[in-house]
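# Geometric and topological summary
The chain contents come next:
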Amino acid sequence: MQKKFPIAILGGTGQVGSALALRWAKAGHCIIVGSRNAAKAEATAQQIKQTLVSAEVSGAGNKKAAQAAEVVVLTVPYAAQRATVDEVREALTGKILVDTTVPLVPPKIARVQLPPEGSAVAAIQKLLGESVRVVSAFQNVSALHLKDFAHDADCDVLICGDDVAARDVVVGLAADIGLRGVHAGPIVNSAATEALTSVLISINLRYKIAGAGIRITGLP
Ligand SMILES: NC(=O)c1ccc[n+]([C@@H]2O[C@H](COP(=O)([O-])OP(=O)(O)OC[C@H]3O[C@@H](n4cnc5c(N)ncnc54)[C@H](OP(=O)(O)O)[C@@H]3O)[C@@H](O)[C@H]2O)c1
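What you see is a predicted model, and the numbers here were worked out from it, not measured in a lab.

### Here we look at the packing of aromatic side chains
- Here the structure, examined in full by the defined rule, presents 1 aromatic pair.
- Ring centres 5.7 Å apart and planes at 80 degrees place the aromatic pair Trp24 and Phe138 in the edge-to-face group. With Trp24 in helix 1 (residues 15–26) and Phe138 in the loop between strand 6 (133–136) and helix 6 (143–147), this residue pair connects regions lying 114 residues apart in the sequence.
- Trp24 sits in the buried class, given a relative accessible area of 1%.
- The aromatic ring of Tyr207 is capped on one face by Arg206, whose charged end is 5.7 Å from the ring centroid.

### So, the layout of surface pockets
- What the largest pocket holds in volume is close to 1000 Å³.
- Every element with two or more residues in the lining of the largest pocket is listed here: helix 1, helix 4 (78–88), helix 6 and helix 8 (190–207).
- When residues of the lining of the largest pocket are assigned to their parent elements, the largest contribution, 5 residues, is made by helix 4.
- The residue inventory of the lining of the largest pocket, partitioned by class, reads 17 nonpolar, 18 polar and 3 charged.

### Let's talk about the site of the ligand
- Around the ligand, a shell composed of 21 residues is seen, among which Thr13, Val16, Ser35, Lys40 and Val76 lie nearest.
- Contact distances for the ligand include 2.6 Å between an oxygen atom and a side-chain N or O atom of Lys40.
- Take Val102: an N or O atom from its main chain is 3.3 Å from an oxygen atom of the ligand.
- Taken by itself the ligand offers 880 Å² of open surface, and the protein chains cover 73% of this.
- Applying the majority rule of atoms within 2 Å of the grid points places the ligand in the largest pocket.
- At the level of secondary structure, the elements contributing two or more residues to the shell around the ligand comprise helix 1 and helix 4.
- Taken together, the residues of the shell around the ligand sort by class into 9 nonpolar, 10 polar and 2 charged.

### Side note on the packing of helix 4 against helix 5 (residues 120–128)
- Helix 5 packs onto helix 4 with a crossing angle of 15 degrees between their chain directions and a minimal axis gap of 11 Å. Classified by the interaxial angle, the pair formed by helix 4 and helix 5 is roughly parallel. Between helix 4 and helix 5 the crossing geometry is right-handed. Contact residues: helix 4 offers Tyr78, Gln81, Arg82, Val85 and Asp86, while helix 5 offers Ala120, Val121, Ala123, Ile124, Leu127 and Leu128.
- Along the lines of polarity and charge, the residues of the contact of helix 4 with helix 5 split into 8 nonpolar, 1 polar and 2 charged.

### A closer look at unusual backbone geometry
- Of the consecutive residues Pro106 and Pro107, the connecting peptide bond is found in the cis state with omega at 5 degrees.
- Take Pro107: it is sitting in the loop between strand 5 (96–99) and helix 5.
- Phi at Phe138 is positive, roughly 70 degrees, even though this residue is not glycine.
- The phi dihedral of Lys208 falls on the positive side, at around 50 degrees, and the residue is not glycine.
- Residue placement: Lys208 occurs in the segment after helix 8.
- Residue Lys208 is classed as exposed on the basis of its relative accessible area of 76%.

### Regarding the nonpolar core
- Formed by 39 residues in total, the largest nonpolar core has its most connected members in Ile7, Trp24, Ile31, Phe138 and Leu179.
- When residues of this core are assigned to their parent elements, the largest contribution, 7 residues, is made by helix 1.
- Ile32, Ala65, Leu74 and Val88 belong to the second largest nonpolar core, which has 22 residues in total.

So, how was this worked out
In this convention, every chain numbers its residues from 1, walking through the sequence in written order. Under the rules for a predicted model, residues below a pLDDT of 70 receive no local features and side-chain atom pairs below 80 are neither given nor counted, while totals for whole chains, interfaces and linings still include all residues. Hydrogens and waters are ignored; side-chain quantities use all the structure's heavy atoms. Put simply, two rings from Phe, Tyr or Trp (the six-membered ring, in Trp's case) pair if the centres are within 6.5 Å, and we call them stacked under 30 degrees between planes, edge-to-face over 60, tilted for the rest. Secondary structure elements follow DSSP: runs of H or I of four or more residues count as helices, runs of E of two or more count as strands, with numbering from the N terminus. Burial classification: accessible surface area is computed with a 1.4 Å probe over protein chains only, and a residue below 20% of its type maximum counts as buried, one above 50% as exposed, and the rest as partly exposed. Placement of a charge over a ring requires the Lys NZ or Arg CZ to be within 6 Å of the ring centre, with the centre-to-atom vector within 35 degrees of the ring normal. For each structure, a 1 Å grid was placed over the protein atoms alone; sets of points admitting a 1.4 Å probe that cannot get out are labelled cavities, open sets with protein on both sides within 12 Å along at least five of seven lines are labelled pockets, and lining residues have an atom within 4 Å of a point. Grid points are joined across faces, edges and corners, and a volume is the space filled by probe spheres set on the points. Each residue gets one of three labels, nonpolar for Ala, Val, Leu, Ile, Met, Phe, Trp, Tyr, Cys and Pro, charged for Asp, Glu, Lys and Arg, and polar for the others, Gly among them. Note on terminology: near, applied to a residue and a molecule or strand, indicates that one of the residue's heavy atoms is within 4 Å of it. Here a polar contact is recorded for every N or O atom pair within 3.5 Å, except that within protein the pair must consist of a potential hydrogen donor and a potential acceptor, and residues adjacent in sequence are included only if both atoms are side-chain atoms. The Shrake-Rupley method, run with a 1.4 Å probe sphere, supplies the accessible areas, and residue values consider only the shown protein chains as cover. Assignment to a cavity or pocket requires that more than half of a molecule's atoms be within 2 Å of the site's grid points. Whenever a helix is involved, its axis is fitted only over the stretch in contact; in every case the axis is a line through C-alpha atoms, and angles between N-to-C directions fall within 0 to 180 degrees. What sets the label is the angle itself: under 35 degrees gives roughly parallel, over 145 gives roughly antiparallel, 65 to 115 gives roughly perpendicular, and the rest give oblique. By definition, any crossing whose near helix is turned counterclockwise from its far helix by less than a right angle is left-handed, and any crossing with a clockwise turn is right-handed. Contacts between residues were defined by any pair of non-hydrogen atoms, one from each residue, lying within 4.5 Å. We call a set of buried residues a nonpolar core when its members are Ala, Val, Leu, Ile, Met, Phe, Trp, Tyr or Cys and they connect through side-chain atoms within 4.5 Å of each other.

Right, here's the structure in full:
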């Protein structure tokens, strides 16, 4: 494992956030589950401790969680992305923000519908400026697979961001939970990974499977 980080997971009570929390706690990172409701975050932290007695995990409101962490991971629905970032903005300066957001527009989530800015995550990098190193990752990994320790997620993680060193950290965090992270270029390329999620949802529907994923071929 690379360096241990205090990692805040905003919206860590949800599908993908709680799964990442459990996996990174198992890998030995210190996890702060974030929520709009501190008691709900603490309840999720306690659930993780029941599964993993040795886990270093606590719960807090999103802002406190972001303040306490070195790496902040955003796992809230697209409709809540901007408001959540606005709430914790001051705590993000100098940190890496890993944004998992996919700009799905229900009910047609199997259709690519990117925002006018081109990409939900690139828009957040633009909003925050260079003082926050935004990295886009995990959009194409099924929370169902992440939650199921018995299941091999069997996919790569495309990682986009303008700061290569920050991307390297997230490649390491993916490796810590058994996934191969692949550098996929600058933050604007997140448009492709965000769009790919609707493609994967279409594949899930057509082939009646739970979590299609992608593999990059040709890598050494
Ligand atoms: N599910 C997947 O398989 C998957 C895979 C890859 C990426 N993603 C992306 O990851 C993000 C989270 O997905 P999810 O399926 O984990 O979502 P989710 O379970 O529906 O929600 C995650 C958390 O976001 C918070 N939240 C919900 N509505 C909110 C609102 N209106 N304002 C502020 N916070 C709100 C809630 O936390 P509190 O109530 O505790 O605040 C909730 O537990 C999405 O952008 C999604 O596209 C999902």
